[in-house]
Amino acid sequence: MDMFALDLELAQWEAALPAAEGGARLALQAQLAWHLRQRDPARAQALAVEAGAQLAALAAPQRIALQARFLLVEAEGHWLAGELDAAQQQACTALHLFEQQDDGLGRADAHWLLSWVAWDRGQAEQGDKALAIASANARAAGDTLRCDVIDAAAAINSAFGDVQHAQQRWGQRFEPELGDTHPARAGWISDYFGTCAFQASDFGGAIGHLMVTYEAAIATGQLRRAINAATNIGNGFTSLNAHDAALEWMQRGLDLARPLGWPMCIGLCLMQTAETLRKLGQREAAQSLLRETLLTLAPLSGSRAYAIALEYQGDLALDLGNYNAALDSFARLAERGDALRQSDFQSSARRGQAHALSQLDRPNDALAVANAALALAREHGDVANQIAALNVLARIHARHALPDPVPLCAANAVLHYLQMALGMAATIEGYTVPGALLDAAAREYAATGDHARAYEIALQASAAREKTHSQQATNRAVAMQVQYQTERAQTEGEHHRQLAAAEAQRAEVLQQTSATLSHLSAIGQEITAHLDAAAVFRALDRHVHGLLDATHFSIFMLEPDGQSLRCTFGVEAGKPVPAVRFALSDPKANSSRCVRERREILIELGADAATPNLIPGTLPTLTLLFAPLRVGERVLGVMTVQSLQARAYGERERLIFRTLCAYGAIALDNAAAYRQVAATLKALSATQEQLLEKNLELERAYKALEDVSLTDQLTGLRNRRFFLQHVDADVSMALRRYDNPGRAEGAEREEPQDRDLVFFMVDLDHFKEVNDRYGHAAGDSILVQMQERLREVFRESDYLIRWGGEEFLVLARATHRDEARVVAERIRCAVADRDFELPDGMRLAKTCSIGFACFPFLPSQPRLLSWSQVVELADQGLYIAKRSGRNAWAALYSTDKTQPDGLFARLMQELDGTVDAGQVRIITNLDGELLLDGERRRIGLSSDLER
C-alpha cells in the first residue's frame, strides 16, 4: 500500500466502492481509510470500523495485514489529537502484526509514526532511531518513494540540530531540481531545502521551497504537514517584514487546523501569529495568543513547537519588562533545548536568561549564563551566536560593575567584548555588523578618550545602517516577489484542485450511469441508422420521454438563411407544440440564445415563478434545458426538454440529454447529406458514371503497377527499390530509441540495443553451377524455394529483399544484436538441412553463406556509420564466410578498442589486412582459422573469434 495518494486516486476508489463485494471491498476500504487518515479522520475511522466487522471471514494472512493497517490508521488519529500514549500503544501493536506477516512496508509505516510520536514527546534520539529503522525497511522492500520521504524527514530534523552537519550528510542525497516527480517526494525534499534556507537566513528562498511543500502536502492529503508549511511560510514573510502576507498565511494554516482540532497544528498557527503581532508592536494581542498556544500544546510539552512557544514568550516578556517571567520562560526553554539536542534553542535560551538576570540585578548569575552561551556557540562553531553572546556580555559589563575578564585586551571589559564581537563579524563573508553594536563600540572608545577611533567606528555604524536599510528594501522587494509567486501558485493549485474535484465528480456520475450509458450506445446506433429526418424526430421523442421527465420536448432547426430558427418537431403532454419561428437575434428566446452562445443552458425556476418567454398554448414548466445540435463546429439547431418539476435535471440527466443531442445532430446531418447526395445522383449523367468507372480502373491499374515495381516477379519478394524507399524510416526509429531510452510504466527497462536493426546478406553457394548444369529453370525453382525457407526463419514484419541474382538482403527489424547469430544459424540450417526439388523431380543439396552486421554499429555513437556502410560491413562478413569454406556465417561487431575517428576507412583497411588494430570483432560459426586474401591465416582479430 502506497504511503500517500492523490485526490484523483481517492475519487476512483470511492467510485468503485459501492459496487465492490467481499475481499475486493475490504481492500478498497483499507486503501480509503489509510489515505483519508488526515484528509477526513472521521470517515477513515468509520471505514475501519465497518471493515473490522467483516475481517473474520478472511484468511489469516489477509485478515492480519488489514487489521494492522486499520490499527495504524487509528494510531495516527490519536497522534494527531495529541494522545501520544494511545498512539504509541496502537502503533506498537500494529508493528507486531506487520512483523508476523513479514510486511516490510507496514513496518516502515509503523516506525514512521513512532518517530513522530517520539519527537512530539521531546525524545529526539528515539525519534531518530525509529526513522532510521523505517528507512531501512522501506529500502529493503524496494519502495524508493518511501525511502526519499523518510530520509528527507531525517534531513529536516538534522538541519534543526546543526545545519552544517546536515548539509554535509544529506547534501548529495537530494537535488533541488525536482523535475517530474511524485508530489509527496517533491514536498518533503523541498521542506528540507526550505529548512536549510531558513537556517541560513535566506527567507525568500525558504518561502519558495515551502510553497512547493504546502501544495504537495495538500495534494497528497498530509494536512498536518500543510499546516506546518503554512505557518513556516508566514514566519518567513515575518522575517522579510511583509507582515500582511505573514498574517494571511498564519490565518490560512489556522483555518485548516481549527476544524480538525489537532493541538500541534493549532498551537503552531497561534504562536507564529503571536510572534508576528509582537514584531508589529501589538504585545497584548500577542500575549493572549501565546497563553492559548501554551495551553493548547500542554499535552505536547516535549515537542519542538512547545520550545518555540517558550522562546516567543520569553522575548515578549523582555519587551514588556517582565523579567521574572522572561527568566522562567528561558529557563524552561534551556531544558527543552538540551532534551531536543538543538543548539538554536540552547543558545537563545541562555542569552535570554542572561538578559533577564542582568535586568533583575543579578550580574554574577547573568555573567555565568552569558559565558555558557558563548562557550556553547564556540563548541558548535556558530559565529553568529558567538557575536550575539559577546554583545550580551558587553551589555552586562556596561550595566554592572564586575571584575574584568582575564586577559583584558582593551581599555575596559565592555570594549573588550565589543572588540571580540567585531573581530568575529569580520570573519563572516557578506555579514553586515549591526549599527547598534558599532554605536556601542564608538561610545566606549569615546568614554576612554580615543576620539579618533570613536569617530572611525561611528562612520562604520552610519554605513552599516545605510546598508541595513538597503537590505530591508531588498527584503521588501523579495517579499513582494515571493507574494506574487505565492498568489500565482495558489491560483494554479486551486485550478488543479478544481480539476481534480471535477474529475472525481465526473467519475462518480459515470459510475452511477454506466448502465444508462450502455443503453444510450444502443439508442445512438438506432438513431443514427435513420436517414429520414422525420424518423430521427420520432426516435428522439420516444427515447427522451423514456429516459427523462419530459413534459415538453421540441426541436428547432436553423433555417437555410442562417438568421432564424423554426420548430420542426414538438410534443407537450402528448400533443403537438404550435409551430413557431424565432429570429436568431431575439434576445428573449432561449433557443436563439443557445445557438448564439453555442452552449447548454439550464433554467431552474421556483414554484411561484413565471416561465420566461412562454410559447403561447404551452404549459408553465419549472425546469428548462436547452442544448445545441452540433456537428463539429457547425450548429444545426437546438433541442429542448422541459419539466413541471423543480430541479428535474441533475448532472446525470444532463449527461443523458447531451448524449441524445449528439446522436440526434449526427443523424439529422446524415439525413440532410443523404437528401443532397440522392438529388446529386439523380442529376448525374451516364457519361459521368462511365468517367467515374474509368477513374477507378486507372487507380487500380496504377496501384497494381506500383506494387509490381516494388516486387521481384520471380520470388514474390520485395526488391531493392522497395528497400530503399523504406529503410530510412526504420533507421530513424532505431536512432530515436538511442536518443530517448526508457521504459513503459510497470515494465522492465528496455535498452536501445534490444531493438536494433540487423542486416543479413545471404548468398547461395555455387549457384552458377546449378544454372550451367541443370538450366535456368532449375535455378529459378531453387530461388523460389529459397524465399520460402527465408520466410520460415523471419517474421512478417522483417524486410526480405532479392538483392540481385542469388543474393538476398534481409533487414531484421527490432532485433537484439546478441540474437542475430541465432537467426543466422537458422538460415544456414534451413538451406543446408533440406534438399531442393528441381522441376524434373530430382533433389539437389545446396548451402548458403551469410554475413551480417548490426545498426547502429557502435552503440555509444549510433550515428557514426550510415546504414549503407553497415550493409557493406555485412557484405564483408559474407565475403569472409565465402572465403572460409562456405556453408557458414560471419558477423562484424565493434570492440572495446573501436575508435570513432575515421572508423569506416580503418575497418576496411583492417579487413584488407593492412592494419591490425582490433577495431572489429568477427563472430562466425566456424572453428579454427579464416581464409582471407587467398591464404588461410588468423588475422589480428583472431583472439575474438567465437563459436
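Residues numbered from 1 in each chain as written. Predicted model: local features only at pLDDT ≥ 70, side-chain atom pairs only at ≥ 80, totals over all residues. Heavy atoms only, no water.

Caption draft 1: Representation of the packing of aromatic side chains within the structure. With the rule as written, the count across this model stands at 20 aromatic pairs. One cation-aromatic arrangement involves Arg 252 over Trp 249; the distance from NZ or CZ to the ring centre is 4.1 Å. The positively charged end of Arg 304 is found above the aromatic ring belonging to Phe 160, 3.8 Å away from the centroid. (Phe/Tyr/Trp six-rings, centres within 6.5 Å; stacked < 30°, edge-to-face > 60°. Lys NZ or Arg CZ within 6 Å of the ring centre and 35° of its normal.)

Caption draft 2: Spatial organisation of the state of the cysteines. Applying the stated criterion across every chain, the model contains zero disulfides. No disulfide involves Cys 265; its sulfur sits 7.0 Å from that of Cys 269, the nearest cysteine. (Disulfide = S-S within 2.5 Å.)

Caption draft 3: Geometry of the packing of helix H4 (residues 60-80) against helix H6 (residues 104-121). For the pair H4 and H6, the least separation of the axes is 11 Å and the interaxial angle reads 15°. Relative to H6, the element H4 is oriented roughly parallel. For the pair H4 and H6, the sense of crossing is left-handed. Contact residues: H4 offers Arg 69, Leu 72, Ala 75, Glu 76 and Trp 79, while H6 offers Gly 106, Asp 109, Ala 110, Leu 113, Trp 116, Val 117 and Asp 120. Per-class residue counts for the contact of H4 with H6 are seven nonpolar, one polar and four charged. (Axes fitted to C-alpha atoms, helices over the stretch in contact; angles between N-to-C directions. Helix = DSSP H or I, 4+ residues; strand = E, 2+ residues; numbered from the N terminus. Parallel < 35°, antiparallel > 145°, perpendicular 65-115°, else oblique. Left-handed = near helix turned anticlockwise from the far one by under 90°. Contact = heavy atoms within 4.5 Å. Nonpolar A, V, L, I, M, F, W, Y, C, P; charged D, E, K, R; others polar.)

Caption draft 4: The arrangement of the pairing of strand E1 (residues 552-558) in detail. The element E1 is extensively covered by neighbouring structure, given that six of its seven residues are classed as buried. Relative to strand E7 (residues 634-643), E1 runs antiparallel, the two being bridged by six bridges. Paired with Phe 553 across the strands is Val 641, a residue of E7. Taken together, the seven bridges between E1 and strand E2 (residues 564-572) define a ladder with antiparallel strand orientation. Counted as the bridge partner of Ser 554 is Gly 570 from E2. (Buried < 20%, exposed > 50% of the residue type's maximum accessible area, 1.4 Å probe, protein only. Pairing = 2+ DSSP bridges.)

Caption draft 5: How the structure looks around unusual backbone geometry. Residue Pro 407 is bonded to the preceding Val 406 through a cis peptide linkage, with omega at -5°. Residue position: Pro 407 is located in the loop between helix H20 (383-399) and helix H21 (413-426). Between Phe 855 and the following residue, Pro 856, the backbone shows a cis peptide bond with an omega angle of 0°. When you line up the elements, Pro 856 lands in the loop between strand E14 (848-855) and helix H33 (867-883). In this structure, Asp 102 is a non-glycine residue whose phi angle is positive, near 55°. Examined against the element boundaries, Asp 102 turns out to sit in the loop between helix H5 (84-100) and H6. Relative accessible area serves as the criterion here: at 59%, Asp 102 is assigned to the exposed category. Here the phi dihedral of His 766 falls at roughly 50°; this positive angle occurs in a residue that is not glycine. When you line up the elements, His 766 lands in the loop between strand E9 (756-764) and helix H30 (767-774). According to the relative accessible area criterion, His 766 is partly exposed, its value standing at 41%.

Caption draft 6: Representation of the packing of H20 against H21 within the structure. Contact geometry of H20 with H21 gives a least axis separation of 8 Å together with a crossing angle of 165°. It follows from the interaxial angle that H20 and H21 lie roughly antiparallel. Relative to H21, the crossing made by H20 is left-handed. Contacts between H20 and H21 involve Val 383, Gln 386, Ile 387, Leu 390, Asn 391, Leu 393, Ala 394, His 397 and Ala 398 from the first element and Ala 413, Val 414, Tyr 417, Leu 418, Met 420, Ala 421, Met 424 and Ala 425 from the second. By residue class, the composition of the contact of H20 with H21 is 14 nonpolar, three polar and no charged.

Caption draft 7: Focus on the confidence of the model for the protein. Mean pLDDT for the protein: 84, with 87% of residues reaching 70 or above. The model gives residues 743-747 a pLDDT under 50, and that stretch makes three contacts with residues more than four places away or in other chains. Taken together, the stretch residues 928-947 has pLDDT below 50 and engages in 49 contacts with residues farther than four places along the chain or on a different chain. (pLDDT = per-residue confidence, 0-100.)

Caption draft 8: Just the nonpolar core, in detail. Formed by 163 residues in total, the largest nonpolar core has its most connected members in Trp 112 and Trp 188. Sequence-distant contacts of Trp 112, that is, excluding residues within four places in its chain, are made with Met 3, Leu 131, Ala 134, Val 149, Ile 150, Ala 153 and Trp 188. Listed in part, the 35 residues of the second largest apolar core include Ile 782, Ala 812, Ala 824 and Ile 827. (Core = buried A, V, L, I, M, F, W, Y, C linked by side-chain atoms within 4.5 Å.)

Caption draft 9: Molecular detail of the pattern of salt bridges. Here the structure, examined in full by the defined rule, presents 48 salt bridges. Among the salt bridges present, the one from Arg 258 reaches Glu 292, with a minimum N-O distance of 3.5 Å. With Arg 258 in helix H13 (residues 243-260) and Glu 292 in helix H15 (residues 283-296), this residue pair connects regions lying 34 residues apart in the sequence. Exposure remark for Arg 258: the relative accessible area of 42% places this residue in the partly exposed category. (Salt bridge = Lys/Arg side-chain N within 4 Å of Asp/Glu carboxyl O.)

Caption draft 10: Focus on the side chain of Asp 669. The topology assignment puts Asp 669 in helix H27 (residues 651-683). For Asp 669, a relative accessible area of 18% puts it in the buried group. Ignoring sequence-local partners within four residues, the contact set of Asp 669 consists of Val 631, Arg 634 and Leu 636.

Caption draft 11: Up close: the pairing of strand E6 (residues 623-631). Buried residues dominate E6, accounting for seven of its nine residues. With four bridges joining them, strand E5 (residues 601-604) and E6 adopt antiparallel strand pairing. When the sheet's bridge partners are listed, Ile 603 is paired in E6 with Leu 624. Here E6 pairs with E7 via nine bridges, running antiparallel. Bridging from a neighbouring strand, Leu 629 pairs with Gly 637 of E7. Joining the antiparallel neighbours E6 and E7 is a turn of two residues, in which Gly 632 adopts a positive phi near 65°.

Caption draft 12: Spatial organisation of helix H11 (residues 203-219). With 17 residues, H11 extends 24 Å from end C-alpha to end C-alpha; this agrees with the ideal 24 Å at 1.5 Å per step. In terms of burial, H11 is a largely internal element, 12 of the 17 residues being buried. Residues of H11 that are buried include every one of Phe 203, Gly 204, Ala 206, Ile 207, Leu 210, Met 211, Thr 213, Tyr 214, Glu 215, Ala 216, Ala 217 and Ile 218, and no others. Phi turns positive, to about 75°, at Gly 221, one or two residues after H11. (Expected span 1.5 Å × (residues − 1).)

Caption draft 13: Structural view of the environment of Val 212. Looking at the secondary structure, you find Val 212 in helix H11. Taking the C-alpha atoms as reference, Val 212 lies 8.7 Å from Pro 183; in sequence the two are 29 residues apart. Setting aside residues up to four positions removed in sequence, Val 212 forms contacts with Leu 178, Ala 186, Gly 187 and Ser 190.

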